Amino acid sequence: MILIMQEENIKPKVVVICGPTASGKTALSIELAKKINGEIISSDSMQIYKYMDIGTAKTTQEEMQGIKHYLVDYVLPTKRYSVADYKRDAEKSIKKILEKGKVPIIVGGTGLYVNSLLSNINFIEQKFDPTLREDLLLKLKNEGVESLIDELSEFDKESAQKIHPHNVIRIIRAIEFYRMTGTTITQHIKDSKKIISPYNPIMFGLTYRNREILYDKINKRVDKMMDLGLADEAKKILSSKCSKTAMNAICYKEFIPYFRNQCSLNEVVENLKRQTRRYAKRQLTWFKKDARINWIFVDDYINFKEILNFCTKTIEKQKNM
């Protein structure tokens, strides 16, 4: 036990701020970075793309307040960017921050990104077979997503049950992984987790005890996005040659029926709010499985300063352990 604790203390400490969309992660991360001499690495799978600013609630230069951010506005939306790419780039960013003598702060709501980095999942180089991808997309078009889930269930029931039916890209990739490697993605991840993580994370999760407060914040955020010109941004993104991952982002794909004159703008906005609330639920479900997270219920605190003090004290305590 003593040896394990000593090994944990040798590992570099990284701070993680996760949780559902609109919970206040950005504001907390920036104030915390100023307090503990930190720099921020995004773990948001959509803020990584250039030009997708309003719909991803991307942190502005003004909001950053001079704090260095990594992996924001990082790649063109035309590029295929995988979780393996993220893990590689995030590790490089952590190394740069540590070399400066600063504290890496991982911030975002993409659970797969956070987990791949902290659990040190080893992504083997997977060749891309355009013929296989074309066959799977044709099956999707002709038989629907349920046919792909049924196919995945034949060899990887765990992934078939775990991956949300809306996440078609992950379903297809899980099938491709097995067809091209002979190993299920579930087994590969389990094997990868046997490799010890190089980091000692201090994790915070932001949410609200009263879920209706979070949903109200989501609704107001969508309204603000519309005022900022989300519809125009969505039109540009959807009319460009973006990757399927970027095209399927919430806040963009919901506009497709509107641009096809199949629904009103008000219907788009209501659907967008509904889909974002559902996404927040999925984020919470994912993160609640991680016992390392110190959960912060924002509505339990009198003000933001109390939350900031709790985080700084927790970090100092763990640094001294």
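Residues numbered from 1 in each chain as written. Predicted model: local features only at pLDDT ≥ 70, side-chain atom pairs only at ≥ 80, totals over all residues. Heavy atoms only, no water.

Topic: the side chain of Lys-25
In step 1: Looking at the element boundaries, Lys-25 is found in helix α2 (residues 25-36).
In step 2: One buried charged side chain, Lys-25, makes no salt bridge at all; its nearest oppositely charged neighbour is Asp-44, positioned 6.7 Å away.
In step 3: From its side chain, Lys-25 meets the backbone oxygen of Pro-20 in a polar contact 2.7 Å long.
In step 4: The residues touching Lys-25, leaving out its near neighbours within four places in the chain, are Ile-17, Cys-18, Gly-19, Pro-20, Val-107, Gly-108, Gly-109 and Leu-206. (Helix = DSSP H or I, 4+ residues; strand = E, 2+ residues; numbered from the N terminus. Buried < 20%, exposed > 50% of the residue type's maximum accessible area, 1.4 Å probe, protein only. Lys, Arg positive; Asp, Glu negative; His and termini not counted. Salt bridge = Lys/Arg side-chain N within 4 Å of Asp/Glu carboxyl O. Polar contact = N/O pair within 3.5 Å; in protein donor to acceptor, adjacent residues only side chain to side chain. Contact = heavy atoms within 4.5 Å.)

Points about the packing of aromatic side chains
In step 1: One pass over the structure, following the stated rule, counts seven aromatic pairs.
In step 2: With a centroid separation of 4.0 Å and 10° between ring planes, the pair formed by Phe-155 and Tyr-178 is classed as stacked. Pair noted here: Phe-155 is in the loop between α7 (145-153) and α8 (157-162) and Tyr-178 is in helix α9 (residues 168-181), with a separation of 23 residues, a long-range link.
In step 3: Residue class for Tyr-178 comes out partly exposed when judged on its relative accessible area of 26%. (Phe/Tyr/Trp six-rings, centres within 6.5 Å; stacked < 30°, edge-to-face > 60°.)

A word on helix α12 (residues 230-238)
In step 1: Within the span of α12, buried status applies to Leu-230, Ala-231, Glu-233, Ala-234, Ile-237 and Leu-238. Buried residues of α12, seen end-on, are gathered within an arc of 160° and therefore sit on one face of the element. Looking at α12, the residues exposed on the side facing more than 90 degrees away from the buried face are Asp-232, Lys-235 and Lys-236.
In step 2: Against α11 (211-228), α13 (244-247), α14 (256-259) and α15 (265-287) lie the buried residues of α12. (Arc of directions from axis to C-beta.)

Examining the side chain of Thr-207
In step 1: Position of Thr-207 relative to the elements: it lies in strand β5 (residues 200-207).
In step 2: Ignoring anything within four residues of it in the chain, the contact list for Thr-207 reads Pro-20, Ser-23, Leu-214, Leu-284, Trp-295, Ile-296, Phe-297 and Val-298.

Focus: the pattern of salt bridges
In step 1: According to the stated counting rule, one finds 18 salt bridges in the structure shown.
In step 2: For the salt bridge of Lys-95 with Glu-99, the shortest nitrogen-to-oxygen distance reads 2.6 Å. Of the two residues, Lys-95 and Glu-99 both sit in helix α4 (residues 83-99), four residues apart, roughly one turn of that helix.
In step 3: Look at Glu-99 and you get exposed, because its relative accessible area is 58%.

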